[in-house]
Amino acid sequence: MIRLVLLGGPGSGKGTQADILKQKYQLVKLSTGDLLRKETEKNTDLGKEARSYMDKGELVPDAVMIGILRKITAGFESKGQGYILDGFPRTVPQAEALLKMLEKQDVELSMALLIDVPEEELVRRLTSRWTCRECSATVSFPDGKPEDAKCPKCGGELYQREDDKEATILKRLNVYKENTAPLIGFFRERGLLERVDGNAVPGTVSERIQDLFEKKGIK
Ligand SMILES: [Zn+2]
């Protein structure tokens with residue numbers, strides 16, 4: 001049974017790879033949002049507790065998140081249903097709690113898989129999006145926008161939204177690095193970290209991941 005933590009920066013293609021893995025190995029993908037939604041919708045005690053923080057605009061405490069994860073994964077364990085955690089754990093204390101939870105379930109994490117993409121490439125990917133001033137269509141220019149490029153739909157002027165500008169992107173990447181570097185170290189020290197070169201088209205990255213799974217005897 002596969003129990004996977006997926007790590008990768010914004011623009012790393014982590015979401016795409018999670019979807020491919022989900023299909024290929026019949027896994028359930030769980031993001032923090034998914035976990036919270038599942039539980040708050042069912043209006044369980046944990047769900048209600050989580051909602052009380054969300055309603056105040058506060059972060060749901062780790063203990064509550066792990067409580068939800070424990071409950072959901074216990075159900076998966078009994079059915080032999082593998083899963084991918086995407087966006088959780090986000091901090092070392094969360095990662096410690098996750099491993100403790102797995103230990104109590106008497107099972108092991110398959111791996112923490114880092115989709116590794118150089119920062120320049122992430123910046124290139126994330127700043128390639130332009131938006132039409134007239135019709136709001138978005139266009140991607142992975143090799144840079146030609147100076148005279150117009151909206152392919154209506155011929156309108158293209159501009160870059162604040163979120164897509166390099167300065168904003170660099171800030172986002174810095175936040176990611178600050179949060180994730182300790183997490184990478186945490187999994188590496190425990191021999192759980194695997195790294196896949198993500199600097200390629202999604203199909204190639206996916207093949208690399210499947211090769212790695214094969215090598216590790218994961219199916
Ligand atoms: Zn347009």
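Residues numbered from 1 in each chain as written. Predicted model: local features only at pLDDT ≥ 70, side-chain atom pairs only at ≥ 80, totals over all residues. Heavy atoms only, no water.

Draft legend 1. Quick look at the overall build of the chain. When its secondary structure is counted, the chain shows eight helices and eight strands. Reported as C-alpha extents along the three principal axes, the dimensions of the chain are approximately 60 × 45 × 30 Å. By the burial criterion, 44% of the 219 residues in the chain qualify as buried. Long-range pairs, those at least 24 residues apart, make up 70% of the contacts in the chain with a sequence separation of at least 6. (Helix = DSSP H or I, 4+ residues; strand = E, 2+ residues; numbered from the N terminus. Buried < 20%, exposed > 50% of the residue type's maximum accessible area, 1.4 Å probe, protein only. Contact = heavy atoms within 4.5 Å.)

Draft legend 2. Quick look at unusual backbone geometry. A cis geometry characterises the amide bond from Phe88 onward to Pro89, with omega recorded as 0°. With respect to the secondary-structure elements, Pro89 resides in the loop between strand E3 (83–86) and helix H5 (92–104). Of note in the backbone geometry, Asn43 takes a positive phi value of approximately 55° without being a glycine. Tracing the backbone through its elements, the reader meets Asn43 in the loop between helix H2 (32–42) and helix H3 (45–55).

Draft legend 3. Spatial organisation of the sheet that holds strand E4 (residues 111–116). Judged by pairing direction, the sheet is parallel, and its five strands sit side by side in the order E2-E3-E1-E4-E8 without closing on themselves. The sheet is open, and its two borders are formed by strand E2 (28–31) and strand E8 (193–197), each paired with just one other strand. Averaged over all pairs of adjacent strands, the angle between strand axes in this sheet comes to 25°, irrespective of strand direction. Across four bridges, the pairing between strand E1 (residues 3–7) and E3 is parallel. (Pairing = 2+ DSSP bridges. Axes fitted to C-alpha atoms, helices over the stretch in contact; angles between N-to-C directions.)

Draft legend 4. Main features of the sheet that holds strand E7 (residues 158–159). Spatial ordering of the open sheet is given by E6-E5-E7, a layout of three strands whose pairing is antiparallel. Two strands lie at the open edges of the sheet, namely strand E6 (138–140) and E7, each paired on one side alone. By the bridge criterion, two bridges tie strand E5 (residues 129–132) to E7 in an arrangement that is antiparallel. Within E7, the residue paired with Thr131 across the bridge is Tyr159.

Draft legend 5. Looking closely at the nonpolar core. Membership of the largest hydrophobic core comes to 33 residues, with the highest contact counts inside it found for Val5, Leu7, Leu69, Leu98, Leu102 and Phe187. Counting only elements with at least two residues in this core, the list comes to E1, H2, helix H4 (62–79), E3, H5, E4 and helix H7 (166–189). Take this core: its biggest share by element is seven residues, from H4. Residues within four places of Leu98 in sequence aside, it is in contact with Val5, Ile66, Leu69, Leu85 and Pro89. Membership of the second largest hydrophobic core comes to 17 residues, among which are Leu6, Met111, Leu212 and Ile218. (Core = buried A, V, L, I, M, F, W, Y, C linked by side-chain atoms within 4.5 Å.)

Draft legend 6. Region of interest: the side chain of Lys14. Of note, Lys14 is situated in helix H1 (residues 14–25). Owing to a relative accessible area of 16%, Lys14 belongs among the buried residues under this scheme. With residues up to four places along the chain from it excluded, the contact list for Lys14 reads Leu6, Leu7, Gly8, Asp86, Gly87 and Ile115.

Draft legend 7. Geometry of the packing of H2 against H3. In the contact formed by H2 and H3, the axes pass within 7 Å of each other and the chain directions differ by 115°. Comparing their axes, H3 and H2 come out roughly perpendicular. Where H2 crosses over H3, the two elements pack in a sense that is left-handed. Contacts between H2 and H3 pair Leu36, Glu39 and Thr40 from the former with Leu46, Gly47, Ala50, Arg51 and Met54 from the latter. For the contact of H2 with H3, a count of residues per class yields four nonpolar, two polar and two charged. (Parallel < 35°, antiparallel > 145°, perpendicular 65-115°, else oblique. Left-handed = near helix turned anticlockwise from the far one by under 90°. Nonpolar A, V, L, I, M, F, W, Y, C, P; charged D, E, K, R; others polar.)

Draft legend 8. Structural view of helix H8 (residues 202–215). Between the first and last C-alpha of H8 there are 20 Å, a value that for 14 residues agrees with the 20 Å anticipated at 1.5 Å per step. Those residues of H8 not exposed but buried are Val205, Ser206, Ile209, Gln210, Leu212 and Phe213. Across the axial projection of H8, the buried residues extend over an arc of 155°, all falling on one side. Seen from the buried face of H8, the exposed residues on the opposite side, beyond 90 degrees, are Glu207, Asp211, Glu214 and Lys215. Next to the buried residues of H8 lie E1, H1, E4 and E8. Downstream of H8 by a residue or two, Gly217 has a phi angle that is positive, lying close to 70°. (Expected span 1.5 Å × (residues − 1). Arc of directions from axis to C-beta.)

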